[in-house]
Every structure is written in C-alpha cells, then in structure tokens.
Amino acid sequence: MSIILTEPEEIELRLTADWKDATALQRPFPAEAVTLLRVGQQTEAGQQATLF
C-alpha cells in the first residue's frame, strides 16, 4: 500500500521504526484533506493543475 506522510515525525518513524510500528502509518488518507483540481484549472496561488 502506498502511504502519504504529512508530518516530519511520520517520515522519521517510517525510516527508522520497527516494521510493526512503521506499518501503522498505512491508513486511509482523510478525504477532507484532499483537493481535486481539473487539469488546466488554476490554483489560488496561480499555478496550473497537471496530471503529474
């Protein structure tokens, strides 16, 4: 499973912890933290959204 690490502590844990503790980071990403943009739509910062 892919994981998205959002805090520096999570990165350190993932890289240094025992497997049992590191796998605790494999959890669903909260839907309210996701922003969907159409390709070509500008963000508030004026950046273009792209597929990659």
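In what follows, the structure referred to is the one given above.
Given the structure is predicted, the values throughout are model-derived calculations rather than measurements.

Together, I4, F29, V34 and L36 make up a nonpolar patch on the protein surface, roughly 420 Å² of accessible area in all. Residue position: F29 is located in the segment after α2 (19–22). Overall, the relative accessible area of 35% leaves F29 in the partly exposed class.

Here we take up the side chain of E10. Looking at where E10 falls in the secondary structure, it is placed in helix α1 (residues 8–16). On the basis of relative accessible area, E10 is assigned to the buried category, the value being 12%. Contacts of E10, omitting those with residues within four sequence positions, involve I4, L5, L25 and R27.

Quick notes on the rules
Residues numbered from 1 in each chain as written. Predicted model: local features only at pLDDT ≥ 70, side-chain atom pairs only at ≥ 80, totals over all residues. Heavy atoms only, no water. Patch = residues over 30% accessible without salt bridge, like charges linked within 9 Å, V, L, I, M, F, W, Y side chains within 5 Å. Areas by Shrake-Rupley, 256 points an atom, 1.4 Å probe, with all protein chains shown as cover. Salt bridge = Lys/Arg side-chain N within 4 Å of Asp/Glu carboxyl O. Helix = DSSP H or I, 4+ residues; strand = E, 2+ residues; numbered from the N terminus. Buried < 20%, exposed > 50% of the residue type's maximum accessible area, 1.4 Å probe, protein only. Contact = heavy atoms within 4.5 Å.

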